[in-house]
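Spelled out, the chains give:
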Amino acid sequence: MTHALLANTGAPVRIILVGAGAMGQQWLRALIASPDAEIVGLVDLNLDAARAALAATGLVDLPVGTSVSALAAETGAQAVVNVTVPVAHHAVSTEALFAGLPVLCEKPIAPTVATALSLAASAEASGQLLMTSQSRRYYRALAALRARVGELGTVGTVSCEFAKAPRFGGFRDEMDHVLLVDMAIHQFDAVRYLLNLDPVAVYCEEYNPAWSWYAGDANAAAVFEFEGGTRFVYSGSWCTPGAETSWNGSWRIGGEHGTALWDGESAPSAELPGLALAALPASLTDSSIPFPEEINGSLAEFIAALRTGDVPDTEVHANIHSLAMVEAAVLSATRGSRVLLADVLAEARDAAIAAEIRSDVRDILIRG
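Now for a quick tour of the structure. In this numbering scheme, every chain counts its residues from 1 along its sequence in written order. Side-chain atom pairs in this predicted model are given and counted only at pLDDT of 80 or more, local residue features only at pLDDT of at least 70, and totals for whole chains, interfaces and linings cover all residues. Values shown for side chains rest on all heavy atoms present in the structure; no hydrogens or waters enter the calculation.

Bringing the pairing of strand E10 (residues 231-237) into the picture now. DSSP-based pairing: two strands are paired if at least 2 bridges between them are found. Helix and strand assignments come from DSSP, with helices taken as H or I runs of at least 4 residues and strands as E runs of at least 2, each series counted from the N terminus. Here strand E7 (residues 155-163) runs beside E10; their pairing, made up of seven bridges, is parallel. Looking across to E10, one finds that Cys160 is bridged to Tyr234. Pairing of strand E9 (residues 219-226) with E10 involves seven bridges; the strand directions are antiparallel. Within E10, the position partnered with Val223 by the bridge is Val233. Where E9 hands over to E10, the hairpin turn is made up of four residues, of which Gly228 adopts a positive phi near 85 degrees.

Among the structural elements, Ala328 can be located in helix H11 (residues 316-335). Separated by 34 residues in sequence, Ala328 and Arg362 have C-alpha atoms that sit 24 Å apart. Those residues in contact with Ala328 that sit more than four places away from it in its chain are Val202, Val339, Leu341 and Val344. The contact definition used throughout considers only heavy atoms, calling two residues in contact when any of these lie within 4.5 Å.

Another point: the sheet that holds strand E6 (residues 130-133). In space, the six strands of this open sheet follow the order E3-E2-E1-E4-E5-E6, with parallel pairing throughout. In the strand order of this sheet, the two ends are held by strand E3 (64-65) and E6, each with one partner. When strand E1 (residues 13-18) meets strand E4 (residues 79-82), the two strands line up parallel, connected through four bridges. Residue pairing in the sheet places Ile15 in a bridge with Ala79 of E4.

Right, let's get into the environment of Asp360. Inspection of the secondary structure puts Asp360 in helix H13 (residues 359-367). It is 8.3 Å that separates the C-alpha atoms of Asp360 and Ser122, two residues lying 238 residues apart in sequence. Not counting residues up to four positions away in its chain, the partners in contact with Asp360 are Phe98 and Ala125. Whenever two N or O atoms come within 3.5 Å, that pair is a polar contact, provided that in protein one can donate a hydrogen and the other can accept it, and provided that, for residues adjacent in sequence, both atoms are side-chain atoms. For Asp360, the side chain forms a polar contact with the side chain of Arg358, separated by 2.9 Å.

With that settled, consider the sheet that holds strand E12 (residues 259-262). With mixed pairing, eight strands are arranged side by side in an open sheet as E13-E12-E11-E7-E10-E9-E8-E14. The outermost strands of the open sheet, each flanked by one partner alone, are strand E13 (269-271) and strand E14 (339-340). As judged from the eight bridges shared by strand E8 (residues 199-207) and E9, these two strands associate in the antiparallel manner. Paired with Glu205 across the strands is Ala221, a residue of E9. The angle between two axes is taken between their N-to-C directions and runs from 0 to 180 degrees, where each axis is a line fitted to C-alpha atoms and a helix contributes only its stretch in contact. Lying on the sheet, helix H6 (residues 140-149) is in contact with E7, strand E11 (250-255), E12 and E13; it crosses E12 at an angle near 170 degrees. In the packing of H11 onto the sheet, the strands contacted are E8, E9, E10 and E14, and the crossing angle to E8 comes to about 50 degrees.

With that settled, the discussion passes to the pattern of salt bridges. Only one rule defines a salt bridge in this text: a Lys or Arg side-chain nitrogen within 4 Å of an Asp or Glu carboxyl oxygen. As enumerated under the stated definition, the model contains twelve salt bridges in all. For Asp182, the salt bridge identified is with Arg172, shortest N-O distance 2.4 Å. Of this pair, Asp182 sits in helix H7 (residues 178-182) while Arg172 sits in the loop between E7 and H7, and the two are ten residues apart along the sequence. Burial classes: relative accessible area under 20% of the type maximum marks a residue as buried, over 50% as exposed, and values in between as partly exposed (1.4 Å probe, protein chains only). Owing to a relative accessible area of 15%, Asp182 belongs among the buried residues under this scheme. Using a relative accessible area of 22% as the deciding quantity, one classes Arg172 as partly exposed. Each of Arg137, Asp189, Arg192, Asp198 and Asp313 takes part in salt bridges that share partners, so that together they form one network.

Spelled out as structure tokens, the structure:
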């Protein structure tokens, strides 16, 4: 989707941050650190929390407010970073989009695929960029792994093992489908990035070990079919202590020419019997070359897209497929049967049309 451009004057992009919670404070530090961004205001329903977050970084004179559009008009903001809770993403993002402001939104882009489709149609109707921050795409080592995957030829199987045992406390302990909904989207999105393909179908099982401290199922095993027949095998646990994987998981990618491995942290390795590995670009091997990672990488790509018109990989239309992988996996585990992603998207589109209150957005959803 094409989107409106900002004049590339070389000046930092004037950005409003929405959300002063723990993640919002991480974004606040990222915005302050970026030479290409200038934070000009902070929106939160709790103004005391907003002022406290700003005071912790020394920005005591920055304007605060409870309305995105009002504070944007007051400050001359050019873009919004939305770090509210997922159930508020639709309301905040649509308010910003229809006020003429592009949005970078924390993952998940929305709590459901239907709501995400409404957001995608809203981005089209407003002509503004809406991008998701899938921050775990932005690792130098993951980019190097993607380059190695390109040398494997046709890929047969991608496998990812994820095993952590965090004791968060709070809402996660009571969540349904806690692993799939709260964490697995990172690995699901990463495999789409590695393969540059979209999923076709999934069979998934969820279960909860007897010792689990989560109310919902903390373990899951899923097999996704991708375009062309490639399979992605995911095995995850959030309650298995000892010998834990990295937060990115442990990866193995097997193709017609060889195999690539990644432990989720260090540089990937690959073996191509009878073939020489290509030299990777210096940007992927030389730590002295800047490579913004995690949310810093999301922010850098967002600003670059606003200045160049390029469509980022996690623009809302594309990112819907990562969210649909989560929804399809949950549905498969609930039904005990294989689920087609096309069916999930079609049902979500019908639900989005039925719920939409803006006629221009509904028309776009109907046209598909």
